[in-house]
Structure formats: structure tokens, C-alpha cells
Amino acid sequence: MVAGSAYAATPEATPVTSDHCRALLAQISKKPQFKAFAVTENGRECHAVWGSASQVQANREARAGCEVDGRRCLLIAVR
């Protein structure tokens, strides 16, 4: 689970359906700490951050970047 999130999920539990989001999720493991990835419940929109000051901050930034226009997003556990 991702620290500081009530809505953390795994990529298997939340399908990532867009090519852009799949590519971003595949790349994030190589990015510096602290990092987070958020995706909409339908898997079409996403937002990722890395290099944050803390995991809590990364989680907040990823959710905020994803949850625009009333979308609800889930954090995906990344390493």
C-alpha cells in the first residue's frame, strides 16, 4: 500500500486502460523517490510525480494532479 492513502490499489486491481498511462506506470519505477501514481477508476486518466520531499507529499500531488474536473482517482502502489 502507498503510505498516507485511503484509496491505494495495485495495478492488477485497477486496470490502466490508456496507452499513455500504461507507459507512465511502466517508467515510474525508474524515477527517484519519493514517487506516486494516481489513476481514474476507469483507468483512462492518470498523473504521476517523483522527486517529492516525502511520500505523503508525492501521494497528495499525484491525487491532486489526477482529480481535476470532478474525477475520482486512486493511488497505485509503485516501487
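So, here's what we can say about the structure. (Residues numbered from 1 in each chain as written. Predicted model: local features only at pLDDT ≥ 70, side-chain atom pairs only at ≥ 80, totals over all residues. Heavy atoms only, no water.)

## So, the side chain of K35
So, point 1. Note on placement: K35 falls in the loop between α1 (19-28) and β2 (36-40).
So, point 2. There is a polar contact of 3.2 Å between the side chain of K35 and the backbone oxygen of R79.
So, point 3. Apart from the residues within four sequence positions on either side, K35 is in contact with I28, S29, V49, W50, Q55, A58, V78 and R79. (Helix = DSSP H or I, 4+ residues; strand = E, 2+ residues; numbered from the N terminus. Polar contact = N/O pair within 3.5 Å; in protein donor to acceptor, adjacent residues only side chain to side chain. Contact = heavy atoms within 4.5 Å.)

## Regarding the nonpolar core
So, point 1. Counting residues in each nonpolar core, the largest one holds ten residues, listed as V16, C21, L24, L25, I28, F37, V39, C46, A48 and I76.
So, point 2. Considering every element that reaches this core, the biggest residue donor is α1, with four residues.
So, point 3. Excluding residues that lie within four positions of it along the chain, C21 makes contacts with V16, F37, R44, E45 and C46.
So, point 4. Counting eight residues, the second-largest nonpolar core is a separate cluster that includes V49, A58, A62 and C73. (Core = buried A, V, L, I, M, F, W, Y, C linked by side-chain atoms within 4.5 Å. Buried < 20%, exposed > 50% of the residue type's maximum accessible area, 1.4 Å probe, protein only.)

## Overview of the pairing of strand β3 (residues 46-49)
So, point 1. Sheet topology note: the β2/β3 ladder contains four bridges and is antiparallel. Within β3, the position partnered with A36 by the bridge is V49.
So, point 2. Counting the residues in the hairpin turn of β2 and β3 gives five residues, including G43, whose phi is positive at 80 degrees. (Pairing = 2+ DSSP bridges.)

## Quick notes on unusual backbone geometry
So, point 1. Between Q33 and F34 the backbone carries a cis peptide bond, its omega angle lying at -15 degrees.
So, point 2. Assignment of secondary structure puts F34 in the loop between α1 and β2.
So, point 3. Positive phi is not limited to glycine here, since D69 has a value of about 55 degrees.
So, point 4. Residue position: D69 is located in the loop between α2 (55-66) and β4 (73-76).
So, point 5. A residue is classified by how much of its surface remains accessible, and D69, at 79% relative accessible area, is exposed.

Keep in mind these numbers describe shape, not what the thing actually does.
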